[in-house]
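So the chains spell out like this:
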Amino acid sequence: MAVVVAISGSPSPTSRTALVLASVAGAIDADIDTIAVRDLPAEVLLGCDPSHPVIRDIAERLQAADGVIVATPVYKAAYSGILKALLDLLPQYALAGKTVLPLATGGTVAHVLAIDYALRPVLTTMGATHVLPGYFVHDQLISDGPDGEIVIAEPARTLLDGVVAAFAAALTTKVIV
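Residues numbered from 1 in each chain as written. Predicted model: local features only at pLDDT ≥ 70, side-chain atom pairs only at ≥ 80, totals over all residues. Heavy atoms only, no water.

S.K.: Looking at this model, I keep getting lost on the overall build of the protein. Mind explaining?
M.R.: Along its length, the protein carries six helices and nine strands. A globule of 177 residues ought to have a C-alpha radius of gyration of about 16 Å, and the protein, at 15 Å, matches this closely. Counting only C-alpha atoms and orienting by the principal axes, one finds that the protein spans roughly 45 × 35 × 30 Å. Burial analysis of the protein (177 residues in total) assigns 46% to the buried set. Partitioning the intrachain contacts of the protein with sequence separation of at least 6 by distance along the chain shows that 82% fall at a separation of at least 24. With an accessible surface of roughly 8700 Å², the protein has 59% of that area assigned to carbon and sulfur atoms. Treating the 10 positive side-chain charges of the protein as one cloud and the 17 negative ones as another, the clouds have centres 7 Å apart. (Helix = DSSP H or I, 4+ residues; strand = E, 2+ residues; numbered from the N terminus. Rg over C-alpha atoms; globule rule 2.2 N^0.38 Å. Buried < 20%, exposed > 50% of the residue type's maximum accessible area, 1.4 Å probe, protein only. Contact = heavy atoms within 4.5 Å. Areas by Shrake-Rupley, 256 points an atom, 1.4 Å probe, with all protein chains shown as cover. Lys, Arg positive; Asp, Glu negative; His and termini not counted. Charge placed at Lys NZ, Arg CZ, Asp CG, Glu CD.)

See below:
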């Protein structure tokens with residue numbers, strides 16, 4: 001079974017991004033290892049010490065993974081600063097050989113290109129073998145269902161399911177670059 005590291009780059013304790021990530025992770029037949037960047041000690045993220053045990057642990061978890069999902073809210077047309085702090089501390093090629101699915105949430109469709117213009121270049125320079133087309137979910141399309149589950153309105157749900165299916169398929173196939 002594939003191992004997937006799912007990284008939530010939201011600083012919010014009531015994050016819609018984290019809810020979308022949990023929904024996506026639950027739909028993939030893989031062992032999911034979730035990292036919520038907001039739960040990492042601030043002194044680690046701001047201390048600029050890439051050799052800190054927390055950062056080394058995350059790097060090892062990424063190295064052991066077959067795939068990575070990176071989910072972030074979009075602020076000011078880019079991924080979150082807390083996610084950037086983590087990515088900056090990881091080794092240059094922490095995503096080498098990995099299939100990566102970028103996801104984003106935001107309050108305006110004006111931010112839809114943040115995945116391609118802000119996040120994708122960073123993931124690529126970190127050595128990701130295959131960065132799939134990501135998906136942006138508008139905040140207004142995310143709500144809580146009657147049983148506490150997340151509900152993503154159509155057609156966004158169907159489109160997101162397609163992206164997730166492509167990620168799952170990519171985990172089972174060797175990508176030739």
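Moving on from the coordinates now.
S.K.: Looking at this structure, how should I read a nonpolar patch on the surface?
M.R.: Together, Val112, Leu113 and Tyr117 give the surface a local cluster of nonpolar side chains, amounting to about 340 Å² of exposed area. Following the sequence through the fold, Val112 ends up in the loop between β5 (99-106) and α5 (114-125). (Patch = residues over 30% accessible without salt bridge, like charges linked within 9 Å, V, L, I, M, F, W, Y side chains within 5 Å. Salt bridge = Lys/Arg side-chain N within 4 Å of Asp/Glu carboxyl O.)

S.K.: Even after reading the chapter, I still don't get unusual backbone geometry, so can you show me in this structure?
M.R.: Excluding glycine, residues mostly have negative phi values, and the peptide bonds linking residues are mostly trans. Following Glu154, the chain continues into Pro155 via a peptide bond in cis, with omega recorded as 5°. Within the element layout of this structure, Pro155 appears in the loop between β9 (150-152) and α6 (156-172). For Cys48, which is not glycine, the phi torsion reads 55° and is therefore positive. Take Cys48: it is sitting in the loop between α2 (42-46) and α3 (53-64). We classify Cys48 as exposed; its relative accessible area is 61%. In this structure, Lys76 is a non-glycine residue whose phi angle is positive, near 50°. Within the fold, Lys76 resides in the loop between β3 (67-75) and β4 (78-79). Judged by its relative accessible area of 81%, Lys76 is exposed.

S.K.: What should I look at first to understand helix α4 (residues 81-89) in this one?
M.R.: In an α-helix, one full turn covers 3.6 residues, which means residues spaced three or four apart are oriented alike. Within the span of α4, buried status applies to Leu83, Ala85, Leu86, Leu87 and Leu89. In this structure, the buried side of α4 is in contact with β1 (3-8), α2, α3, β3, β4 and α5.

S.K.: What exactly am I supposed to notice about the pairing of strand β2 (residues 31-36) here?
M.R.: Consecutive residues of a regular strand have side chains that alternate between opposite faces of the sheet. In this structure, β1 lies alongside β2, joined through six bridges in parallel fashion. Its bridge partner being in β2, Val5 is matched across the sheet by Asp33. After leaving β1, the chain enters helix α1 (residues 16-26) and then returns to the sheet as β2, a path that is right-handed. (Pairing = 2+ DSSP bridges. Right-handed = clockwise from strand over helix to strand, strands pointing away.)

S.K.: I keep staring at the environment of Thr125 and nothing clicks. Help me out?
M.R.: You can see Thr125 is positioned in helix α5. Residues Thr125 and Thr17, spaced 108 residues apart in sequence, show a C-alpha to C-alpha distance of 24 Å. In this view, Thr125 contacts Gln92 and Tyr93; residues no more than four positions away in its chain are not counted. Of the polar contacts made by the side chain of Thr125, one reaches the backbone oxygen of Val122; its length is 2.9 Å. (Polar contact = N/O pair within 3.5 Å; in protein donor to acceptor, adjacent residues only side chain to side chain.)

S.K.: Just checking my understanding: could you explain the environment of Ala18 for this structure?
M.R.: Positionally, Ala18 belongs in helix α1. Under the relative-accessibility criterion, Ala18 is labelled partly exposed at 30%. For the pair Ala18 and Gly148, spaced 130 residues apart in sequence, the C-alpha separation works out to 14 Å.

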